[in-house]
Amino acid sequence: MFLEQNPHIDYAALKAAVDAELQRPPGPMPPPAPLHTPLAETSPAPELSLSAMARGIGARLQRWPRVYGVARKAWHGIRATVVAIRKRPALYYCVRWARWLVSLPKLADLFAAQAVQVDQQRAILMRLEQTLNQQQTALQSEIERVEHRLNKHVRSTTAEHARIEGQTVLLRESLEDLQHAWQRFKTEVAQANAAGGQLVANRPLDAAAGAPLSAVMDRFYQEFEDAWRGPQAVIRERVAHYLPKVTAAGAGTPNAPLADLGCGRGEWLAVLDDAGLTAFGVDSNATAIARTRAQGLTAFEADVGEWMAQRGDESLGAISALHVVEHLPFEVLVRTLDEALRVLRPGGLLILETPDPANIMVATGSFWLDPSHLRPIPADLLAFTVRSRGFEAVEVERLHPVDESLRFTAGHEVGDRLNTLLYGPQDYAVIARKPQQ
């Protein structure tokens, strides 16, 4: 059937062409005459192919006259039906609706195909999202790794800066010591010349013939401490850890001063002095005492045991001995603890710091670097000894862990164990109180 709904088709010309083909008698089919209508000339290819198809059907049916006659009757019947339907709008629209209903399965198939494509596109988007999340996670991990390396570099740079500053302070102190020694040397030379003596100006006094061996060893030990104990600024920062405990015990006053046994270069005394507390040091090393006094601090050159024996009962508020007990024979250590219990006032504070042999690197290496060390003392032994001599509230503090950069990565059983044995705290402190009466 032909529906006159397309404005691009000249239905009158098409109808005339079809009628002419159907009425033409059988015989050779002449070539079709072109349609010279404006609509036909501008019609698109699909409408022109419809006319060609109609002519082709008519030409083929002419080979069988009977079929051709039936087709002509059917064609006229279809035309009459179309004309009748067009005269009845309701029936015409029903036919159009029927055509749409027939096309619904095709539309359903089309929608199903579109749904499949949408699902495929959704799956592609989900894969892209997953890939993007993975890339984002990898990028975040890389950023964290770079930040960790940067922070580690900053920490190492800071540590190196602190070490250089410490070395600078040490060199400045050494220069001051040399200047003081040179002034003393010139004074002694002038005095000797005035007395008629003879001194060789270019020969150090400590190295002069007849100089006591103790003086040589005192100076050697100070040079050793400068090289291996660390810069004084670093040691002051470490020992400041005990300052709150001293103030909490009420020590460091004129009536309850603190005595630092084996005061060395005076770092702990300097911290106490900066805090406005009353303290003094005791050391048998004459060179160390001279350096401590040069800082304006109070220090006595004496044997620690002899000095303790001369102190009055309950005359001190606190006693500290930082890296001293490992230099003493055990019997001397026990006697020193007994003297400390006697001279401390009730509630007085005792602080003992020493290398920790629980750290294998300390027990087998760095401890024996000091030639004056006798033997390492385990924390349990020292704490038990302090408690057995009459002190109470005995506690052990582990101090000065190894640099984190040297440790194994945490979270592994073997690595954690090795970190404890090899890279644990390098020192410990035993802190105790004299019982209240």
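Residues numbered from 1 in each chain as written. Predicted model: local features only at pLDDT ≥ 70, side-chain atom pairs only at ≥ 80, totals over all residues. Heavy atoms only, no water.

Student: Where do I start with unusual backbone geometry in this structure?
Tutor: A negative phi angle characterises most non-glycine residues, just as the trans form characterises most peptide bonds. Unusually for a residue other than glycine, Glu-314 sits at a positive phi of about 50°. If you trace the backbone, Glu-314 turns up in the loop between helix 11 (304-309) and strand 4 (316-322). If you check the backbone angles, His-323 has positive phi at about 60° while not being a glycine. Mapped onto the fold, His-323 is located in the loop between strand 4 and helix 12 (330-343). (Helix = DSSP H or I, 4+ residues; strand = E, 2+ residues; numbered from the N terminus.)

Student: What is the right way to read the side chain of Thr-385 from this model?
Tutor: Assignment of secondary structure puts Thr-385 in helix 14 (residues 379-388). For Thr-385, a relative accessible area of 5% corresponds to the buried category. In this structure the side chain of Thr-385 is engaged in a polar contact, spanning 2.8 Å, whose partner is the backbone oxygen of Leu-381. Filtering out sequence-adjacent residues up to four positions away, Thr-385 remains in contact with Phe-330, Val-334 and Leu-337. (Buried < 20%, exposed > 50% of the residue type's maximum accessible area, 1.4 Å probe, protein only. Polar contact = N/O pair within 3.5 Å; in protein donor to acceptor, adjacent residues only side chain to side chain. Contact = heavy atoms within 4.5 Å.)

Student: I'm lost on the nonpolar core in this one. Help?
Tutor: Within soluble globular proteins, side chains that are nonpolar tend to cluster in buried spots. Judged by nonpolar contacts, the single largest core of 30 residues is most densely connected at Ile-319, Leu-382 and Val-386. For this core, the secondary-structure elements that each account for two or more residues are strand 1 (258-261), strand 2 (279-283), helix 11, strand 4, helix 12, strand 5 (344-355), helix 14 and strand 7 (427-433). Broken down by element, the residue count for this core peaks at 5 residues, all from helix 12. Residue contacts for Leu-382: discarding those within four places in its chain leaves Val-325, Leu-333, Leu-352, Thr-354, Ile-377, Tyr-428 and Val-430. (Core = buried A, V, L, I, M, F, W, Y, C linked by side-chain atoms within 4.5 Å.)

Student: Whenever I open this one, the packing of aromatic side chains confuses me. Can you help?
Tutor: For any two aromatic rings, the description comes down to two numbers: the centre-to-centre distance and the angle of the planes. All told, the structure shown has 4 aromatic pairs when counted by the stated rule. A centroid spacing of 6.2 Å and a plane angle of 75° characterise the contact between Tyr-242 and Trp-268, whose relative ring orientation is edge-to-face. Taken together, the residues span a long stretch of sequence, with Tyr-242 in the loop between helix 7 (232-239) and helix 8 (243-248) and Trp-268 in helix 9 (residues 267-274) at a distance of 26 residues. Owing to a relative accessible area of 1%, Tyr-242 belongs among the buried residues under this scheme. When the ring of Phe-280 is compared with that of Phe-300, the centres are 5.6 Å apart and the planes differ by 75°; the resulting orientation is edge-to-face. (Phe/Tyr/Trp six-rings, centres within 6.5 Å; stacked < 30°, edge-to-face > 60°.)

Student: Quick question: what am I supposed to make of a nonpolar patch on the surface here?
Tutor: Where nonpolar side chains cluster on the molecular surface, the patch consists of Tyr-93, Trp-97, Trp-100, Leu-101, Leu-104, Leu-107, Leu-110 and Phe-111 and spans about 930 Å² of accessible area. Inspection of the secondary structure puts Leu-101 in helix 5 (residues 89-194). (Patch = residues over 30% accessible without salt bridge, like charges linked within 9 Å, V, L, I, M, F, W, Y side chains within 5 Å. Areas by Shrake-Rupley, 256 points an atom, 1.4 Å probe, with all protein chains shown as cover. Salt bridge = Lys/Arg side-chain N within 4 Å of Asp/Glu carboxyl O.)

Student: Sorry, what's going on with the packing of helix 7 against helix 9 here?
Tutor: Axes are the key here: two packed helices are described by the angle between their axes and the distance separating the axes. Relative to each other, helix 7 and helix 9 sit at 65°, their axes nearing to 9 Å. The element helix 7 and its partner helix 9 pack so that their crossing is right-handed. Here Gln-232, Ile-235, Arg-236 and Val-239 of helix 7 lie close against helix 9, whose contacting residues are Glu-267, Trp-268, Ala-270 and Val-271. (Axes fitted to C-alpha atoms, helices over the stretch in contact; angles between N-to-C directions. Left-handed = near helix turned anticlockwise from the far one by under 90°.)

Student: What am I meant to see in helix 9 here?
Tutor: Because an α-helix packs 3.6 residues into every turn, residues spaced three or four apart end up facing the same way. Judged by how many residues are buried, helix 9 sits mostly within the fold: 6 of 8 residues are covered. Within helix 9 the residues assigned to the buried category are Glu-267, Trp-268, Leu-269, Ala-270, Val-271 and Leu-272. In the core, the buried residues of helix 9 are packed alongside helix 7, helix 8, strand 1, strand 2, helix 10 (286-294) and strand 4.

Student: What am I meant to see in the side chain of Glu-267 here?
Tutor: When you line up the elements, Glu-267 lands in helix 9. Using a relative accessible area of 4% as the deciding quantity, one classes Glu-267 as buried. Polar contacts involving the side chain of Glu-267 include one to the side chain of Arg-265, which spans 2.7 Å. Ignoring any residue separated from it by four or fewer positions in sequence, one finds Glu-267 in contact with Gln-232, Ile-235, Arg-236 and Val-239.

Student: Help me out: how do you make sense of helix 12 in this one?
Tutor: With 14 residues, helix 12 should reach 20 Å at 1.5 Å per residue; the first-to-last C-alpha distance of 20 Å fits that figure. For helix 12, the set of buried residues is Leu-333, Val-334, Thr-336, Leu-337, Ala-340, Leu-341 and Val-343. (Expected span 1.5 Å × (residues − 1).)

Student: Would you mind going over the pairing of strand 2 with me for this structure?
Tutor: Every other side chain in a regular strand lies on the same face of the sheet, so the side chains alternate between the two faces. Where burial is concerned, most of strand 2 is hidden: 5 out of the 5 residues are buried. Burial along strand 2 is two-sided: Ala-279, Gly-281 and Asp-283 and Phe-280 and Val-282, pointing in opposite directions, are all buried. Two elements, strand 1 and strand 2, share 4 bridges in a ladder whose sense is parallel. Bridging across to strand 2, Asp-260 finds its partner in Gly-281. Between the parallel pair strand 1 and strand 2, the chain is carried across by helix 9, and the sense of this crossover is right-handed. In the classification by handedness, the crossover that spans strand 2, the intervening helix 10 and the parallel strand 3 (residues 299-301) is right-handed. (Pairing = 2+ DSSP bridges. Right-handed = clockwise from strand over helix to strand, strands pointing away.)

The values are spatial; any link to function lies outside them.
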